[in-house]
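# Chain and residue survey
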Amino acid sequence: MDFKPVFLWSDILLWALVAGCVVLALYCRRQDYLRRAWRRVGESGIAMSSAMVLAAFMAVGMLDSLHYQPRLPAQAGNPDVQYAPEVLSALDALLSGLRLNSEKTYSAPLALSSFAKEMMERDGTQVRDYPRLQFGGAHLSDPSRHAADLSLRASVGAAGGVAAWAVLVCVLSCALAWRGRCSPVRAARAMWRGGDGHAGGERPVAWRAALVTALLLCLLAGIAGGLASGYHVFGTDKVGQDVLYLSLKSVRTALLIGTLTTLVTLPLAVALGLMAGFRGGWWDDAIQYIYTVLNSIPGVLLIAAMVLMMQVIIDTHPEWFETAAERADARLLALCFILGLTSWTGLCRLLRAETLKLRELDYVQAARAFGVSDARIMARHILPNLMHIVLIALVMDFSGLVLSEAVLSYIGIGVDTTMNSFGTMINSARLELSREPVVWWSLAAAFVLMLTLVLAANLFADAVRDAFDPRFQWRARRISKRAAA
C-alpha cells in the first residue's frame, strides 16, 4: 500500500460526533415534535443558507480529518517498507499543488512577481528589482497577458462550479422524487418554487435559498480553483506558503474547537444542572458554589495556567508521540478539555433554573407520589423538557468557542505552533502589518473565513432558537395573528 492510515484521537472523536449527529437525526425523524421543530428551521431561508455554508466548512474539515503517512521510495538493498514522518490528510492530497508550489517569501494575491525586491543580474549588470515567482504566473512568458489569463481561468473555473451545482441539484431532485414518489423534473420544479415535491399539508422547506447559496459557493470554489491552478489566489506568507492553503487547513482546527469542547461541556452542565435544580438542599448549594468560584476566576488566566501545565506534561514525555502530528493533536485535545471545563457554568445555570420550575409541575409531583425514583424522573420527565435549552446553547456557543481559539492562539496559549489555525495566522500577521508596504492578505484571508464561519453559525443558531424555544414560538404566533387581523 502506498500509504499508512493514521488515526488521531481528534479524527476519531470528530467522526464519532458526525455519527452521533446521524443517529440524532434518525431519532428526531421518529419523534413528531422534534420533526416539526426542525421543519420550522428548514422553513427559514436564512437558516438553509447558513446550513449550506456550514456544510461546506464541514466538508473541508472532514477531508482534513483523514490522515495518512505516504510511502517513501524503495531504497536499494533495503526491502523494508518505510513511510514518511510527515502526516498528511486527504485535503493535503487534494491541494497538493498549493502545498508543494511555494515561493521564497511574500507575494501579493494573483501576482507575477515577488513582493520584495532582490538583487538580480540583468544584461550583465546588477539591478535591484522584483523577481518573477517560481510558480505564480510562471506559465506566462509575456506578462502583458496577465489580465487575459486571469479572466480565462476564472471563466473556466466558474463553468466548472456551475456544472458541480447542476450535479448537486440533480442528486437532490432524485432524492426528493424518490421520497415524494414523483418524477425528478417535478421534484426540481417544486424545490425551486419552495416546495419539496410531495404533498403532506406542511409548509415548504426553503430549498430556493439553499440552492442559491450552493450556487454561489460552487462559483466561488470553481473560480478559486481555476485561479489556483496557476497563481496564488490569496498570496503567500513570509516563508512562501500559499495563504489559501493555510486558510483551508485552519478550518479543521476551528471546527474541532467548536465541536469537541461540547463532549466535556455537555455532561458536566446537564448532570450538575439537573442535580442542583431537582435535588436542591446541599446539592444545590455545593454546585452553585463550584460554578460561582469558577466564574470569579479570570477565564484567560485559568486557561493559560492549565494549558501551560499540560504543555509541561507533553514536553516531559516525548516517548508518548511517534510523530509531530500526534504531539500537536494532544495539545489540541487538551485545549478542548480545558475550554470545556471552563465553559459549562452558563449552561448549568440555565438548566438549574428550568429544572426548579419543572419539578413543581403536576406530573412530576405525581411521579414522586407513586414512588418513582429520582433518577428515572430526571431521565424520563425533566431531561426531555430541557433538550431545547441544551440544543440552543450548544449551537450558540459554537461561534464563541471558535473566537476563543483565535484569541488564545493569538496570545500564544492556544494550539500548537505547528498546527494551522486562524489564531496562528492572525498572530503571524501581526508583525506583517508594521511593514511598509503593508502585507495585508494573510490577515484578510483569516478574517474573511472566520467571519463567514461564525456568522453562519450565529444565523443558524438564531433559527434553531426560534424553532425550539416555546417563548419565541408563542411570540411568532401572536405576531402572525396580529398581522392577519
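To be clear, the structure that these remarks concern was listed above.
For every chain, the first residue of its written sequence is number 1, and the numbers climb from 1 along that sequence. With the structure being a predicted model, the display of local features is reserved for residues of pLDDT at least 70 and the display and counting of side-chain atom pairs for 80 or more, all residues being used for whole-chain, interface and lining totals. To get the side-chain values, take all heavy atoms of the structure and skip hydrogens and water.

Okay, the overall build of the protein chain next. Counting secondary structure elements, the protein chain contains 20 helices and 5 strands. Across its three principal directions, the C-alpha atoms of the protein chain cover 100 × 65 × 55 Å. Every one of the 485 residues in the protein chain was classed for burial, and the buried ones make up 41%. The contact criterion used is simple: two residues touch if any of their non-hydrogen atoms lie within 4.5 Å. Across the protein chain, contacts joining residues at least 24 apart in sequence account for 70% of those joining residues at least 6 apart. Here the Shrake-Rupley method, with its probe set to 1.4 Å, supplies the accessible areas, and only the displayed protein chains count as covering residues. By element, 65% of the accessible surface of the protein chain is carried by carbon and sulfur atoms, the whole surface being about 26,100 Å². His residues and chain termini do not enter the charge count, which takes Lys and Arg as positive and Asp and Glu as negative. Note on charges: their place is set at NZ of Lys, CZ of Arg, CG of Asp or CD of Glu. Between the centroid of the 45 positive side chains of the protein chain and the centroid of its 38 negative side chains there is a distance of 12 Å. Starting at the N terminus, helices and strands are each numbered in turn, a helix being any DSSP run of H or I of at least four residues and a strand any DSSP run of E of at least two. The buried label applies to any residue whose accessible area, calculated with a 1.4 Å probe on protein chains only, is under 20% of its type's maximum; exposed applies above 50%, and partly exposed to all values in between.

What follows concerns the packing of aromatic side chains. Any pair of aromatic rings gets described here by the distance separating the centres and the angle formed by the planes. Only the six-membered ring of Trp is used, alongside the rings of Phe and Tyr, when aromatic pairs are assigned; centres must lie within 6.5 Å, and planes under 30 degrees apart are stacked while those over 60 apart are edge-to-face, with the rest tilted. Evaluation of the coordinates by the stated rule reveals 5 aromatic pairs. Ring geometry for F3 against Y68: centres 5.7 Å apart, planes inclined by 70°, an arrangement best described as edge-to-face. Placement of the pair is F3 in strand β1 (residues 3–6) and Y68 in strand β2 (residues 67–70), with a sequence separation of 65 residues. Between the aromatic rings of W440 and W441, the centroid separation amounts to 5.6 Å while the plane-to-plane angle is 80°, which identifies the pairing as edge-to-face. The class for W441 is buried, based on a relative accessible area of 2%. Ring pairs connect the aromatic residues F115, W440 and W441, which therefore count as one cluster. Above the ring of W283, the side-chain terminus of R279 is found at 5.4 Å from the ring centroid. Should the NZ of a Lys or the CZ of an Arg lie within 6 Å of a ring centre and within 35 degrees of the ring normal, that charge is described as sitting over the ring. Looking at R368, its charged tip hangs above the ring of F278, at a distance of 4.5 Å from the centre.

We place a 1 Å grid over just the protein atoms. Points where a 1.4 Å probe fits but has no way out form a cavity, open points with protein on both sides within 12 Å along at least 5 of 7 lines form a pocket, and any residue with an atom within 4 Å of a point lines it. Grid points are joined across faces, edges and corners, and a volume is the space filled by probe spheres set on the points. A complete count under the given rule lists 1 cavity of 30 Å³ or more for this structure. Lining the largest cavity, in full, are V307, M310, Q311, I314, R331, A334, L335, I338 and G414. Of all elements in the fold, only α12 (299–316) and α13 (324–342) reach the threshold of two or more residues within the lining of the largest cavity. Lys, Arg, Asp and Glu make up the charged group, whereas Ala, Val, Leu, Ile, Met, Phe, Trp, Tyr, Cys and Pro make up the nonpolar group; the residues left over, Gly among them, are polar. When its residues are assigned to classes, the lining of the largest cavity shows 6 nonpolar, 2 polar and 1 charged.

Turning to the packing of helix α1 (residues 9–30) against helix α3 (residues 45–63), a few remarks are in order. Every axis corresponds to a line fitted to the C-alpha atoms, with the helix fit spanning only the stretch in contact, and the corresponding angles, defined between N-to-C directions, vary from 0 to 180 degrees. In the contact formed by α1 and α3, the axes pass within 11 Å of each other and the chain directions differ by 140°. With respect to their mutual orientation, α1 and α3 come out oblique. Note on packing geometry: the crossing formed by α1 with α3 is left-handed. Where α1 approaches α3, its residues L14, W15 and V18 are matched on the opposing element by M58, G61 and M62. Grouping the amino acids of the contact of α1 with α3 by side-chain chemistry returns 5 nonpolar, 1 polar and no charged. Roughly parallel covers angles under 35 degrees, roughly antiparallel covers those over 145, roughly perpendicular covers 65 to 115, and oblique covers all other angles. Two helices cross in a left-handed way if the nearer one is turned anticlockwise from the farther one by less than a right angle. They cross in a right-handed way if the turn is clockwise.

What the second largest pocket holds in volume is close to 1,200 Å³. Contributing to the lining of the second largest pocket are 36 residues, with L217, L220, A221, A224 and L248 lying nearest its centre. The set of elements that each furnish at least two residues to the lining of the second largest pocket consists of α3, α4 (90–94), α5 (96–100), α8 (207–228), α9 (243–260) and α19 (441–468). The element best represented in the lining of the second largest pocket is α8, accounting for 12 residues.

Our focus in this paragraph is a nonpolar patch on the surface. Among the surface-exposed residues, I46, F447, V448, L451, L455 and L459 lie close enough to one another that they form a single nonpolar patch of about 540 Å² accessible area. Among the structural elements, L459 can be located in helix α19. Like-charged residues are merged into a patch within 9 Å and nonpolar side chains (Val, Leu, Ile, Met, Phe, Trp, Tyr) within 5 Å, provided each residue has over 30% relative accessible area and no salt bridge. Every case where a carboxyl oxygen of Asp or Glu lies within 4 Å of a side-chain nitrogen of Lys or Arg is listed as a salt bridge.

On to the pattern of salt bridges, then. Summed over the entire model, instances satisfying the criterion amount to 11 salt bridges. Put simply, D284 and R352 hold a salt bridge, and the shortest N to O gap is 2.6 Å. With D284 in helix α11 (residues 281–296) and R352 in helix α14 (residues 345–358), the pair connects residues that are 68 residues apart, well separated along the chain. As far as burial versus exposure is concerned, D284 and R352 are alike and both buried.

This paragraph deals with unusual backbone geometry. For residues besides glycine, phi is generally negative; the peptide bonds are generally trans as well. With a phi angle near 60°, L110 is a residue other than glycine that sits in the positive phi range. Judged by its relative accessible area of 23%, L110 is partly exposed.

Before going further, it helps to spend a moment on the side chain of T355. In this structure, T355 sits in helix α14. Apart from residues no more than four positions distant in its own chain, T355 is found in contact with G273, L274, G277, F278, I382 and L386.

Right, let's get into the sheet that holds β1. By the convention used here, strands pair only if DSSP detects at least 2 bridges between them. Pairing within the open sheet is antiparallel, and its 3 strands lie in the order β1-β2-β3. This sheet does not close on itself; its edge strands, each paired only once, are β1 and β3 (88–89). The pairing of β2 with β3 spans 2 bridges and is antiparallel. Bridge pairing in β3 places H67 opposite S89.

In this description, a nonpolar core means a group of buried Ala, Val, Leu, Ile, Met, Phe, Trp, Tyr and Cys residues linked to one another through side-chain atoms lying within 4.5 Å. In terms of nonpolar packing, the biggest core is built from 38 residues, with V402, F422, M450 and L453 touching the most fellow members. Mapped by element, the contributors of at least two residues to this core are α3, α8, α9, α17 (387–410), α18 (422–432) and α19. Residue contributions to this core peak at 9 residues, all from α19. Not counting the four nearest positions on each side in its chain, F422 is found in contact with S247, S250, V251, A254, E405, A446, L449 and M450. Core analysis: the next-biggest nonpolar cluster, separate from the first, contains 22 residues, A269, W344, C348 and V364 among them.

Okay, helix α10 (residues 262–279) next. In this model α10 runs 25 Å from its N-terminal to its C-terminal C-alpha over 18 residues, within 8% of the 26 Å that 1.5 Å per residue would give. G280 sits one or two positions beyond α10 and adopts a positive phi of about 70°. A helix is expected to span 1.5 Å multiplied by its residue count minus one.

What follows is about the pairing of β2. Examined bridge by bridge, β1 and β2 share 4 bridges and lie antiparallel to one another. Within the sheet, the bridge partner assigned to P5 lies in β2 and is Y68.

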